[in-house]
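Understanding the architecture of this molecule
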Amino acid sequence: MMKNWWKILTVLLLIFTVVAGVLSEVPRLAILNETIRNLYFHVPMWFGMILILLISVIYSIKYLRNPTIKNDVIAYEAAKVGILFGVLGIVTGMEWAKFTWGEYWSNDPKQNASAIGLLIYFAYVVLRSSFAEQQQRARISAVYNIFAFAALIPLLFILPRLTDSLHPGNGGNPGFNTYDLDSRLRMVFYPAVLGWTMLGIWIVNVRSRFELLRQRLYETV
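Residues numbered from 1 in each chain as written. Predicted model: local features only at pLDDT ≥ 70, side-chain atom pairs only at ≥ 80, totals over all residues. Heavy atoms only, no water.

Here we come to the packing of aromatic side chains. Counting across every chain of the model gives 6 aromatic pairs. Here the aromatic rings of W6 and W202 are separated by 6.0 Å at their centres, their planes lie at 65°, and the arrangement is edge-to-face. With W6 in helix α1 (residues 5-23) and W202 in helix α7 (residues 183-220), this pair connects stretches of sequence that are 196 residues apart. A centroid spacing of 6.3 Å and a plane angle of 20° characterise the contact between Y124 and Y144, whose relative ring orientation is stacked. Remark: Y144 occurs in helix α5 (residues 134-157) and Y124 occurs in helix α4 (residues 109-129); sequence separation between them is 20 residues. For Y124, a relative accessible area of 1% gives the class buried. Put simply, the rings of F47, F189 and Y190 touch in pairs and so form one group of aromatic residues. (Phe/Tyr/Trp six-rings, centres within 6.5 Å; stacked < 30°, edge-to-face > 60°. Helix = DSSP H or I, 4+ residues; strand = E, 2+ residues; numbered from the N terminus. Buried < 20%, exposed > 50% of the residue type's maximum accessible area, 1.4 Å probe, protein only.)

Here the UniProt feature "transmembrane region" (unreviewed entry) sits at residues 40-61, 73-93, 113-131, 143-162 and 188-206. Between the end C-alpha atoms of residues 73-93 the distance is 30 Å, and the span holds 100% helix and 0% strand. End-to-end, the C-alpha atoms of residues 188-206 are 27 Å apart, and along that stretch the chain is 100% helix and 0% strand. (UniProt positions renumbered as here; feature names shortened; annotations may be inferred.)

To describe two helices that pack against each other, one gives the angle between their axes and the distance between the axes. Two numbers describe how α1 lies on α7: the axes approach to 8 Å, and their chain directions differ by 135°. With respect to α7, the element α1 is oriented oblique. Note on packing geometry: the crossing formed by α1 with α7 is left-handed. Packed against α1, whose contacting residues are W6, K7, L9, T10, V11, L13, L14, F16, T17, A20 and G21, the element α7 presents M187, V188, P191, A192, L194, G195, W196, M198, L199, W202 and R209 at the interface. For the contact of α1 with α7, a count of residues per class yields 16 nonpolar, 4 polar and 2 charged. (Axes fitted to C-alpha atoms, helices over the stretch in contact; angles between N-to-C directions. Parallel < 35°, antiparallel > 145°, perpendicular 65-115°, else oblique. Left-handed = near helix turned anticlockwise from the far one by under 90°. Contact = heavy atoms within 4.5 Å. Nonpolar A, V, L, I, M, F, W, Y, C, P; charged D, E, K, R; others polar.)

Turning to the pattern of salt bridges, a few remarks are in order. Applying the stated criterion across every chain yields a total of 4 salt bridges. Ionic pairing is found between E77 and K80, a salt bridge with its closest N-O pair at 3.4 Å. Pair noted here: E77 and K80 are both in helix α3 (residues 69-100), with a separation of 3 residues, about one helical turn. On the basis of relative accessibility, which here comes to 24%, the residue K80 falls in the partly exposed class. Residue E211 is joined to R214 by a salt bridge in which the shortest nitrogen-to-oxygen separation is 2.7 Å. Remark: R214 and E211 occur in helix α7; sequence separation between them is 3 residues, near one turn of the helix. Overall, E211 belongs to the buried group, its relative accessible area being 16%. Relative accessible area serves as the criterion here: at 42%, R214 is assigned to the partly exposed category. A network of salt bridges, in which partner residues are shared, links E77, K80 and R207. (Salt bridge = Lys/Arg side-chain N within 4 Å of Asp/Glu carboxyl O.)

Written out as structure tokens, the structure reads:
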């Protein structure tokens, strides 16, 4: 029971996020109105994605220093979960954009940069499938993973700030934290970030253990 405390906490945080995210009172802001509730889902997906992809990079570096199957598996599974969170982040962002900007995809620099970043990671998955030999696949994909993360950060956080953008916090637009992330939003937003991120780590943990078990069973056959 003591070992699973963080899993219980994850479930409780997500239940609170969903219930409070739907039922709690939110500030009435021009244009955003009730769509501000998407703050509890869209933004945490990106926070979770960055942290989980960082975990993936750390294990890729660990693999290059200590080439074990465990390091390779965790790096790969974390990358796939990070991609999932990124896709969910784009989908929830598109839904938000429809209500606030008038269309799902407006070729905003933030949207385009996010899509490019995800394509880079989709290429990582394709790259792994192109090698049959395990050590070669793990080594080359580990190097690619490091460069992919290094490219993702400026794509998401630097380039959109250098040009005109509709997205909050980019292109001269103030971010939510500057003018309207009040105590009511914070009370749900911070648990949401923690809950969704911990869910991603939980998924990585389960998938990694399953894949390691599958490989051990394969070796014994």
